[in-house]
Amino acid sequence: MDKHIMKSANEAAEKIIEWGEEHKLETCFERAEKLKPCPIGETGACCKVCHMGPCRLVGKNAEEEAMGVCGAPLSTVAARNLVRMIAAGTAAHSDHARDMAFTLLAAATGEVKDFQITDVRKLYRVAEILGIEFEGRPVNDVAKDVALKFIEDFGRQKGELYYLKRAPKKTQERWVKWGVAPRGIDREVCEAMHRTSVGVDHDPDHLLLHGLRTALADGWGGCMIATDITDILFGTPRPVKAEASFGIFKEDEVNLVVHGHEPSLAEMIVDVASEPEIIAYAKSKGAKGINLGGMCCTANEVLMRHGIPTAGGFTNQELGIMTGLVDVMTVDVQCIMPAIAEISKKFHTKIITTSEKAKIPGAMHIEYDEHRAREIAREIVKHACDNYQNRKTEGSHITDKFPVVAGFSHEYIEYMQGGRWRASFRPLNDAIMAGRIRGVVGLAGCDNPRVPSTGIHRYLATELIKNDVLIVSTGCGSAACGTAGYLTPEMALEHAGPGLREVCEAIGIPPILHLGACVDNSRILTILSAMAEEGGLSDEIGGMPGVGIAPEWMSEKAVAIGCYFAASGVPVIFGGESPVGASHEVTRIMTEVWWERFKGSMHFEPDPEKMLAMALDYIDKAREALKLKKYEPGKFGAERVLMDMAARRELERAAKPHIGL
Ligand code: NFS
């Protein structure tokens, strides 16, 4: 492998990295090379929860002998570190969800004028789950009640989160039995910080159980609330066609990138960018029009609702600026490298921070206020238009781009299997039972400069579909697939195993379904619950032939997600070194003990081939336990059936952008 391939597996990204090296521009890839991880902190053996330390619990018999000044053994320290990661991840998703809940409330009460309820059908579905009367009532009254109920989930002190009841009964019973049913989101995060502070909870199993309770507050609370409110306000996604990679930027148009996580301002920017006066403004500056692009999870939000192209995931943010074509990059919260402010100085790009919670020295700050959402969006777009004139010729102008089909919500997946009136998960369950589909893998999480970035996603994506495993992808995992050209129905023809190919052709779907942003991992939870309810597979989430994989994770949010899947009954495999690797005891609890209690587990495995083998093994063992037909490679659809014109037209029709159901 040559030196460059080691940095990114994405060819377009690689070209920009090379160009950057020639021009002495440093990115996360060079920094990752220079800055090796601290081996003590990396494996969870560093304790810095008080100032008697930091204590390094190392040595040949560290597990048995090492302890901090207070006497905390390695297992306590490693468990505490992990629980703190879960708490931070949960806080991030849930704070995003809280903002969405208050936006919904403000839209419902008329306090903000720029947002309305777009998807009434979804609102009613949510109201029904929450036990809110909706028939015959004004839509905004229902929306207000929904928002208020969601807000209760954050500050509740006793009881349970509303959405826990969306899980299969048996799954809920396990949570009650092991005391991990979350009460209120903020309470669990607060208690996690308390328990992990010096001198409180020292039993690793007990600590980790609270970690799971906090993680469940993330999955069935923060993430699910964020997903549902975003659907209510901006529309439940249905498949749309778009494009991915750096070639989405246009030489003769204003390029504005929306980067970060919270969708409200980005939605408004999408809206404003098509206003005739704004387009005229862009033209007055010499541009042919306004071209929006997305980055990270904001990209997924506007991609699946409006077909806005994506420039990719986490490791692409500096590289996007290095194309020299980005006039403005707006950022809000989460996964934003402060390095973008530095690299933007070498180009004409303006970085605009927009959240009251997040500023970057060197960036311009235009604070988002939902009461003036449209006005602020116009101001930002105008900055981009003004800056178009400052564009120079420097930059690694890249033309690579790929078509993508994105936006498979729970609702659409249900709909595509039977239409509006017979929507169900029956065909999917049947295909799994028959062995056409061997199992399902959620391929999610970040891309990471510590490995050839996006490379493990690509490897697993192609190998899994070759093995007839249907993939659902979210977050930067879907960006990794999209920028590789994998999110298309053609991918099924070219790479999927015969059984999976047959199913994809019959329904007209890609073998890798883009489900949205990272908060939309909650869609996987509700899909698994619906599959359990449909019957024929497991009657709980645990025991399904499904696995979650985050091969290149780096964020604390990913850890929270992994743990809520494990606690919900899904075996989870993370790449890279284990953040609890120093403690055999903690590793044992997270694999064997969690498996016994929840039928879920959390493994860390840096070797991609072993990750694949482990995932297939979990799937096959689940099939065996469910007494399903033994999966036989190549048994189905030996003949390659190319799509006929009628099927293609049907697919085109299904892929038209539209909002709501
Ligand atoms: Ni998820 Fe989205 Fe990407 Fe990782 Fe960051 S953008 S919330 S944490 S890097 S997948």
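Just so it is clear, the structure is predicted and the values come from calculations on it, not from any experiment.

The rules behind each value
- Residues numbered from 1 in each chain as written.
- Predicted model: local features only at pLDDT ≥ 70, side-chain atom pairs only at ≥ 80, totals over all residues.
- Heavy atoms only, no water.
- Helix = DSSP H or I, 4+ residues; strand = E, 2+ residues; numbered from the N terminus.
- Rg over C-alpha atoms; globule rule 2.2 N^0.38 Å.
- Buried < 20%, exposed > 50% of the residue type's maximum accessible area, 1.4 Å probe, protein only.
- Contact = heavy atoms within 4.5 Å.
- Lys, Arg positive; Asp, Glu negative; His and termini not counted.
- Charge placed at Lys NZ, Arg CZ, Asp CG, Glu CD.
- Near = heavy atom within 4 Å.
- Nonpolar A, V, L, I, M, F, W, Y, C, P; charged D, E, K, R; others polar.
- Domains from an automatic or database assignment.
- Arc of directions from axis to C-beta.
- Core = buried A, V, L, I, M, F, W, Y, C linked by side-chain atoms within 4.5 Å.
- Axes fitted to C-alpha atoms, helices over the stretch in contact; angles between N-to-C directions.
- Left-handed = near helix turned anticlockwise from the far one by under 90°.
- Pairing = 2+ DSSP bridges.
- Phe/Tyr/Trp six-rings, centres within 6.5 Å; stacked < 30°, edge-to-face > 60°.
- Lys NZ or Arg CZ within 6 Å of the ring centre and 35° of its normal.
- Donors = N, O, S within 2.8 Å, 3.2 Å for Na, K, Ca; no water.
- Buried area = accessible area lost by both parts, 1.4 Å probe.
- Salt bridge = Lys/Arg side-chain N within 4 Å of Asp/Glu carboxyl O.
- Polar contact = N/O pair within 3.5 Å; in protein donor to acceptor, adjacent residues only side chain to side chain.

Draft legend 1. Region of the structure containing the overall build of the chain. Helix and strand counts for the chain come out as 27 helices and 15 strands. Compactness check: the chain gives a C-alpha radius of gyration of 24 Å against a globular reference of 26 Å for 661 residues, within 12% of the reference. Considered along the principal axes of its C-alpha atoms, the chain spans approximately 70 × 60 × 55 Å. Per-residue burial over the chain gives 64% buried out of 661 residues. Sequence separation of at least 24 residues holds for 76% of the intrachain contacts in the chain that already meet a minimum separation of 6. A gap of 1 Å separates the mean positions of the 77 positive and 91 negative side-chain charges of the chain.

Draft legend 2. Spatial organisation of the site of the ligand. Around the ligand, the neighbouring residues are His 261, Cys 296, Cys 297, Phe 314, Cys 335, Gly 445, Cys 446, Cys 476, Cys 518, Met 554, Ser 555 and Lys 557. Its residues placed into classes, the shell around the ligand shows eight nonpolar, three polar and one charged. Both of domain 3 (246-388) and domain 4 (423-557 + 565-576 + 608-645) provide at least three residues apiece to the shell around the ligand.

Draft legend 3. Inspection of helix H8 (residues 169-177) at higher detail. Considered for burial, the residues of H8 that qualify are Thr 171, Gln 172, Arg 174 and Trp 175. All buried residues of H8 project into a common sector of 155° when viewed along the axis, lining one side. Residues Lys 169, Val 176 and Lys 177 are exposed on H8 and point more than 90 degrees away from its buried face. Contact partners of the buried residues in H8: helix H10 (204-234), helix H24 (556-568) and helix H25 (584-598). The first or second residue beyond H8 is Gly 179, which carries a positive phi of 65°.

Draft legend 4. Representation of the nonpolar core. Formed by 174 residues in total, the largest nonpolar core has its most connected members in Val 146 and Trp 594. Of the residues forming this core, the biggest block, 16 residues, is contributed by H10. The contacts of Val 146, once residues within four sequence positions are left out, are Leu 104, Leu 123, Val 126, Ala 127, Leu 130, Ile 132 and Ile 232. Within the second largest apolar cluster, 35 residues are counted, among which are Ile 321, Ile 336, Ile 351 and Ile 360.

Draft legend 5. Focus on the packing of helix H19 (residues 455-466) against helix H26 (residues 608-625). Running from N to C, H19 and H26 point in directions that differ by 40°, and their axes come no closer than 10 Å. When you trace H19 past H26, the crossing you get is right-handed. On H26, the residues touching Ile 456, Tyr 459, Leu 460, Glu 463 and Leu 464 of H19 are Pro 608, Glu 609, Met 611, Leu 612 and Leu 616. A class-by-class count of the residues in the contact of H19 with H26 yields eight nonpolar, no polar and two charged.

Draft legend 6. Seen up close, helix H20 (residues 475-482). Counting buried positions over the eight residues of H20 gives eight, a clear majority of the element. Those residues of H20 not exposed but buried are Gly 475, Cys 476, Gly 477, Ser 478, Ala 479, Ala 480, Cys 481 and Gly 482.

Draft legend 7. Seen up close, the sheet that holds strand S8 (residues 364-365). Taking strand neighbours across the sheet as the criterion, the five strands line up as S5-S4-S6-S7-S8 in an open arrangement whose pairing is parallel. In this open sheet, the two strands that pair with only one neighbour each are strand S5 (290-295) and S8. By the bridge criterion, four bridges tie strand S4 (residues 254-259) to strand S6 (residues 328-331) in an arrangement that is parallel. Within S6, the residue paired with Val 258 across the bridge is Thr 330. Those strands touched by helix H11 (residues 263-272) are S4, S5 and S6, and its axis lies near 160° from that of S4. Along the sheet, helix H16 (residues 373-388) makes contact with S4, S5, S6, strand S7 (350-353) and S8, crossing S4 at roughly 140°.

Draft legend 8. Broad picture of the packing of aromatic side chains. Enumeration over the complete set of coordinates arrives at twelve aromatic pairs. An angle of 35° between the planes, with centres 5.2 Å apart, marks the rings of Tyr 564 and Phe 565 as tilted. Taken individually, Tyr 564 and Phe 565 each receive the classification buried, so the pair is uniform in this respect. Aromatic side chains Trp 595 and Tyr 618 sit 5.3 Å apart centroid to centroid with 50° between the ring planes, which places their arrangement in the tilted category. Of this pair, Trp 595 sits in helix H25 while Tyr 618 sits in helix H26, and the two are 23 residues apart along the sequence. Residue Tyr 618 is classed as buried on the basis of its relative accessible area, which comes to 17%. Cation over ring: Arg 156 sits above Tyr 162, and NZ or CZ is 4.7 Å from the ring centre. When the ring centre of Tyr 281 is taken as origin, the NZ or CZ atom of Lys 382, which lies over that ring, is 5.2 Å away.

Draft legend 9. Quick peek at unusual backbone geometry. In this chain, Gly 53 is followed by Pro 54 through a cis amide linkage whose omega measures 0°. Its location among the elements puts Pro 54 in the loop between strand S1 (46-47) and strand S2 (55-56). The phi angle at Gln 334 is positive, at roughly 70°, despite the residue not being glycine. Within the secondary structure layout, Gln 334 lies in the loop between S6 and helix H15 (339-344). The exposure class assigned to Gln 334 is buried, which follows from its relative accessible area of 18%.

Draft legend 10. Quick look at the coordination of the nickel atom of the ligand. With respect to protein ligation, the nickel atom of the ligand binds only Cys 518 (SG), at 2.3 Å. With respect to the helices and strands, the residue Cys 518 is situated in the loop between strand S12 (512-516) and helix H23 (521-534).

Draft legend 11. The sheet that holds strand S14 (residues 571-574), seen in detail. In space, the six strands of this open sheet follow the order S12-S11-S10-S13-S14-S15, with parallel pairing throughout. Only two strands of the sheet have a single neighbouring strand rather than two, namely S12 and strand S15 (601-604). Each strand of the sheet is rotated relative to its neighbour by a mean of 20°, with strand direction disregarded. Two strands pair when backbone bridges link them, and S14 and S15 are joined in this way by four bridges, in the parallel orientation. Directly across from Phe 574, in S15, lies its bridge partner Phe 604.

Draft legend 12. Spotlight on the domain arrangement of the chain. You can read the domains of the chain as domain 1 (11-56), domain 2 (74-234), domain 3 (246-388) and domain 4 (423-557 + 565-576 + 608-645). A separation of 31 Å is found between the C-alpha centroids of domain 1 and domain 4. Between domain 1 and domain 4, the contact holds seven residues from the first and four residues from the second. Summing the contributions of domain 1 and of domain 4, the shared interface buries around 440 Å²; its carbon and sulfur component is 53%. At the junction of domain 1 and domain 4, the tally comes to one salt bridge. Between Arg 458 and Glu 11 there is a salt bridge, and its shortest N-O distance comes to 3.3 Å. Joining domain 1 to domain 4, the criterion identifies three residue pairs in polar contact (both at pLDDT 80 or more). Per-element tally for the side of domain 1 that touches domain 4: the top contributor is helix H2 (residues 28-34), with three residues. Among the residues forming the side of domain 1 that touches domain 4, the class breakdown is five nonpolar, no polar and two charged.

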